[in-house]
2 protein chains.
Amino acid sequence: MAKDQKKQPRPKAETPKGFRDYFGAEVTERKSMLDRIAAIYHRHGFEPLETSAVETVEALGKFLPDVDRPNAGVFAWQEEAVPGGGTAGDWLALRYDLTAPLARVAAQYRNDLPSPYRRFAMGPVWRNEKPGPGRFRQFYQCDADTVGSASVAADAEICAMLADALEGVGIARGDYIVRINNRKVLNGVLEAAEVRADQAEDVLRQIDKFDKVGRNGVLALLTEGRKDDSGAFIDGVGLSVDQAQPVLAFLTSKGDDNAATLANLRAAVGASAIGAEGVDELSQIADMLAAMGVAEDRAVIDPSIVRGLGYYTGPVFEAELTFEILDEKGRKRQFGSVAGGGRYDGLVERFTGQKVPATGVSIGVDRLLAALRAKGLAGADSQGPVVVTVMDRDRMADYQAMAAELRAAGIRAEVYLGNPKNFGNQLKYADKRGAPVAIIQGGNEAERGVVQVKDLILGAKIAAEASLDEWKSQPAQTEVARADLVAEVRRILS
Amino acid sequence: MAKDQKKQPRPKAETPKGFRDYFGAEVTERKSMLDRIAAIYHRHGFEPLETSAVETVEALGKFLPDVDRPNAGVFAWQEEAVPGGGTAGDWLALRYDLTAPLARVAAQYRNDLPSPYRRFAMGPVWRNEKPGPGRFRQFYQCDADTVGSASVAADAEICAMLADALEGVGIARGDYIVRINNRKVLNGVLEAAEVRADQAEDVLRQIDKFDKVGRNGVLALLTEGRKDDSGAFIDGVGLSVDQAQPVLAFLTSKGDDNAATLANLRAAVGASAIGAEGVDELSQIADMLAAMGVAEDRAVIDPSIVRGLGYYTGPVFEAELTFEILDEKGRKRQFGSVAGGGRYDGLVERFTGQKVPATGVSIGVDRLLAALRAKGLAGADSQGPVVVTVMDRDRMADYQAMAAELRAAGIRAEVYLGNPKNFGNQLKYADKRGAPVAIIQGGNEAERGVVQVKDLILGAKIAAEASLDEWKSQPAQTEVARADLVAEVRRILS
């Protein structure tokens, strides 16, 4: 109590900025979705891999694949001297995705792992970035990759598996589509168009505007330029109209079916060898999907998938949910992309110097879960337990016996463990818990060998709708013999 | 190639020291165990909680409950300035257990959570400590706690639930025991023995030696001291022989059943009020366990559980596996403790200033999993997939159709995706994958509309045991019509 004695301020009970907690159904719904995906992946011969959250910065690489800032975006720290632990001064970091750890594992265990190595991984990753609405610094990823196979059979398999996984979590056939393209086809188109290396990036940028400005808009942008909506003139890339033709042919090559699309693409790549190789690969993928029973309403060749192509070296794919949902302003919109991937090299090369071909897909866990919630498909495991209330503090053992009996019958149940004095608080608690049923047994009921079974769902309905007389008759509350407790609860829950 | 141009060294493909990766069955076996525990916890009304891996150092507290070094043992780093992210200079850290985040959550959401709040949490925690054999810097914890209930009914429930959880993962009744003690009883014993406050710690230290030195050894240590095995004299605490009697009575109080043990404990605490309160609580717990159908062969009052009592304020419990296993030297030993817990205060107090009573249990995930493995109970999900081999690269679609058919029938299956040139490599791959069956179809078989189905498990057995003639007759390989592929594989797997 001395005057100079400082009072220790209390710590703030807060998650760090950009982090959050997941409660109850938020946990079980995601888990249930990931379990169903894991079952599909496992059936396809993929093995689970769980790497540690912490990697050396050296093994991770000092860059994120999808941000521009090198050496940023990662939570990292320097090792202190821990006897027998890491070397003081080493930099450690939280993994920012599941691909970098796969690369490390594929290199570290290259003599032990089967080759090709099919693995799936699900778990949190961390990004030291600006958080925003729905954008957190820790979030889940769910990846499947095949390392060590150059065959497009591996790509076809991943596309088929992705379609199966979407159906596995409950998305109906017709409510999704897996679109497949090939980076080599685009390269072939650029070759056929005789685009110079220094123009390629510019051309790709204009291609991405196709959805917005249409065929003639892109033609103008590839050649002499055009005025945009504001009247400002946008310089063109400077191709000739002839040069622009393969690009335009590529952009409009989606046909009524894979055969038509492939024929259009073959025309678009002209004499380009790399382009022909790309079209051949897509053709093989189409054949293999058909052989696996995956029809074109589930997975289809679609040259409009261009985004992120830079990272990939061959086939690329994207899964889109095609049903409409209402956005926050009540407007209908398509749900959009929930997964993407493709073929990439250089995965293990950083470590061993050897190129190892790989292909994989990543499902956007939060987006897919949001889609399932929007469709009411996220699982119904959210019902609260039966709450056994406490009328007589001294008979706690009796109440626990009731809960134990219910649980032995497979029914979720708990005893109220707060201060039992105020019975209203117990019913409020049951309400907060989402309890479907409350059990009540006072001394009088105990003497008579009965319990009151209160149907809280029916009770809530009656409270909302019934007249005072109806309400007073308490149709939602039944007295049954103690021995019939389980049977009565089961009747209400069924 | 200039002389002064340094070649970038390749990064080392290594996990950081003290971290490890989990492959295949290592992941699924743990997951299966945790899923079964979660189902039991859920049925008892506990809700899952998943907090983020990262907490502010302020919220975590700068100490670990079970190490002596303040401000050590935690992976921590300082926030950089991320626009909209954390405040530069804030310290963040990886959680070192699941209790500290629970404390933060209980304080942060105290107006929203039901009270009492039953929650379970499963996930990795991180310790910046010296790694050792079987001791890693990232490992799983599995906790269940009830926050906000002062009733020992909450403790009884946790003990019953722990017994159910052990049976839920496959431990047979009789192969485990939950032992229950109470910190208050020990305090009562110290009071009855008129132990001075400055002697209490010393007395507790001698009590812990009971298993090693026996009744008379502890008597000597509590009073005048004794010679140890080396002949060195160990000073006693200095109690009188009369004073030592309650302590000795406590140490030998375990009776043939709970009733006998409780009578002995009541005698040991003498006139101590806190001791009587502790015995009363144990008596209530015993009654409630009986009411819940948990007999004394599953959970029992046992005063020998002393370790870690300092952290707890009331009932404490520990689950031990009682079956014998062979240690690394082939000697039989009891498996020992796999879970522990008890009642504690001060959980939320740090944040809010208010004491909130809480009780909980933590299962040692790695130890319990090791026990399940030792008993062959860790789950049989480790069988590899059926491997469809590739005899003819151009007919990849045919092979994928076979794998798809098998999967559609619920059979785990994959096509070999490596270079198919060397068929021996394909069989080696199948072996590495633990494949039970390989499918083979060359051009000849394709023309005839048949496939070869190779039973690899039978094949391995024959290779080990059969004569050359038997081996040559290839009884482990069957030719069936292509249409009978699924049926034949199913026959072999059944």
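None of these values were measured; they are calculated from a predicted model. (Residues numbered from 1 in each chain as written. Chains lettered and ligands numbered in written order. Predicted model: local features only at pLDDT ≥ 70, side-chain atom pairs only at ≥ 80, totals over all residues. Heavy atoms only, no water.)

Caption draft 1: Broad picture of the interface of chain A and chain B. The interface of chain A with chain B comprises 104 residues on the first partner and 104 residues on the second. Contact between chain A and chain B buries roughly 8700 Å² in total, counting both sides, with carbon and sulfur atoms accounting for 55%. Counting across the chain A and chain B interface gives 14 salt bridges. Across the pair Arg104 of chain B and Asp21 of chain A runs a salt bridge, and its minimum N-O distance is 2.7 Å. (Contact = heavy atoms within 4.5 Å. Buried area = accessible area lost by both parts, 1.4 Å probe. Salt bridge = Lys/Arg side-chain N within 4 Å of Asp/Glu carboxyl O.)

Caption draft 2: Structural context of the confidence of the model for chain A. Residues and elements named next belong to chain A. Across chain A, the average pLDDT comes to 90, with 93% of residues at 70 or higher. Across residues 1–5, confidence stays below pLDDT 50; counting only partners more than four residues off in sequence or on other chains, it has 0 contacts. Note on residues 64–71: pLDDT under 50 across the span, and 14 contacts to partners over four residues away in sequence or across chains. (pLDDT = per-residue confidence, 0-100.)

Caption draft 3: How the structure looks around the relation of the copies chain A and chain B. When chain A is fitted to chain B, the residual RMSD is 0.1 Å, and the transformation amounts to a turn of 180° plus an axial shift of 0.0 Å. The relationship between the two copies is best expressed as a two-fold rotation axis. If distances are taken from each C-alpha of chain A to the rotation axis, the shortest is found for Trp77 of chain A, at 2.7 Å. Interface overlap between copies is the fraction of interface residues in one copy that are interface residues in the other; for chain A against chain B it reaches 100%, indicating a shared surface. (Least-squares fit on C-alpha atoms with pLDDT ≥ 70 in both.)

Caption draft 4: Spatial organisation of the nonpolar core. The biggest cluster of nonpolar side chains holds 108 residues, and the ones touching the most others in it are Ile37, Tyr41, Val178, Ile180 and Leu368 of chain A together with Ile439 of chain B. Filtering out sequence-adjacent residues up to four positions away, Tyr41 of chain A remains in contact with Phe46, Phe120, Cys142, Asp143, Ala144, Met161, Ala165, Val361 and Ile363 of chain A. (Core = buried A, V, L, I, M, F, W, Y, C linked by side-chain atoms within 4.5 Å. Buried < 20%, exposed > 50% of the residue type's maximum accessible area, 1.4 Å probe, protein only.)

Caption draft 5: Spotlight on the pattern of salt bridges. Here the structure, examined in full by the defined rule, presents 68 salt bridges over all chains. Within this structure, Glu47, Arg118 and Glu157 of chain A together with Arg412, Glu414 and Arg433 of chain B form a network of salt bridges that share partners.

Caption draft 6: Summary view of the sheet that holds strand S5 (residues 91–94) of chain A. Residues and elements named next belong to chain A. The 3 strands are arranged S3-S5-S4 in an open sheet whose pairing can be described as antiparallel. A strand with exactly one partner marks an edge of an open sheet, and here the two such strands are strand S3 (54–56) and strand S4 (76–78). The sheet shows a mean angle of 30° between the axes of neighbouring strands, taken without regard to direction. Inspection of the sheet shows S4 paired to S5 by 3 bridges, in the antiparallel sense. Across the sheet, Trp77 pairs through a bridge with Leu92, a residue of S5. (Pairing = 2+ DSSP bridges. Helix = DSSP H or I, 4+ residues; strand = E, 2+ residues; numbered from the N terminus. Axes fitted to C-alpha atoms, helices over the stretch in contact; angles between N-to-C directions.)

Caption draft 7: Region of interest: the UniProt feature "binding site: L-histidine" (unreviewed entry) in chain A. All names here are of chain A. When the UniProt feature table is mapped onto this chain numbering, "binding site: L-histidine" (unreviewed entry) sits at Asp97, Leu98, Thr99, Arg127, Gln141, Asp145, Arg307, Tyr311 and Tyr312. In this fold, Thr99 is placed in helix H3 (residues 99–108). Here Thr99 is in contact with Asp143, Tyr311, Tyr344 and Leu347, once residues within four sequence places are set aside. Along the polypeptide, Arg127 turns up in the loop between strand S6 (117–126) and strand S7 (138–147). (UniProt positions renumbered as here; feature names shortened; annotations may be inferred.)

Caption draft 8: Up close: the packing of helix H4 (residues 152–168) of chain B against helix H10 (residues 273–291) of chain B. All names here are of chain B. The interhelical angle for the contact between H4 and H10, taken along N-to-C directions, is 50°, at an axis separation of 9 Å. Taken as axis vectors, H4 and H10 run oblique relative to one another. Crossing of H4 against H10: the hand is right-handed. Across from Val152, Ala153, Asp155, Ala156, Cys159 and Ala160 in H4, the residues of H10 making contact are Glu281, Gln284, Ile285, Met288 and Leu289. In terms of residue class, the contact of H4 with H10 is made up of 8 nonpolar, 1 polar and 2 charged. (Parallel < 35°, antiparallel > 145°, perpendicular 65-115°, else oblique. Left-handed = near helix turned anticlockwise from the far one by under 90°. Nonpolar A, V, L, I, M, F, W, Y, C, P; charged D, E, K, R; others polar.)

Caption draft 9: Region of interest: a negative patch on the surface. Residues and elements named next belong to chain A. A grouping of Asp256, Asp257, Glu296 and Asp297 is seen on the molecular surface, where their side chains present a negatively charged patch. Within the fold, Asp257 resides in the loop between helix H8 (241–251) and helix H9 (258–269). Residue class for Asp257 comes out partly exposed when judged on its relative accessible area of 33%. (Patch = residues over 30% accessible without salt bridge, like charges linked within 9 Å, V, L, I, M, F, W, Y side chains within 5 Å. Areas by Shrake-Rupley, 256 points an atom, 1.4 Å probe, with all protein chains shown as cover. Lys, Arg positive; Asp, Glu negative; His and termini not counted. Charge placed at Lys NZ, Arg CZ, Asp CG, Glu CD.)

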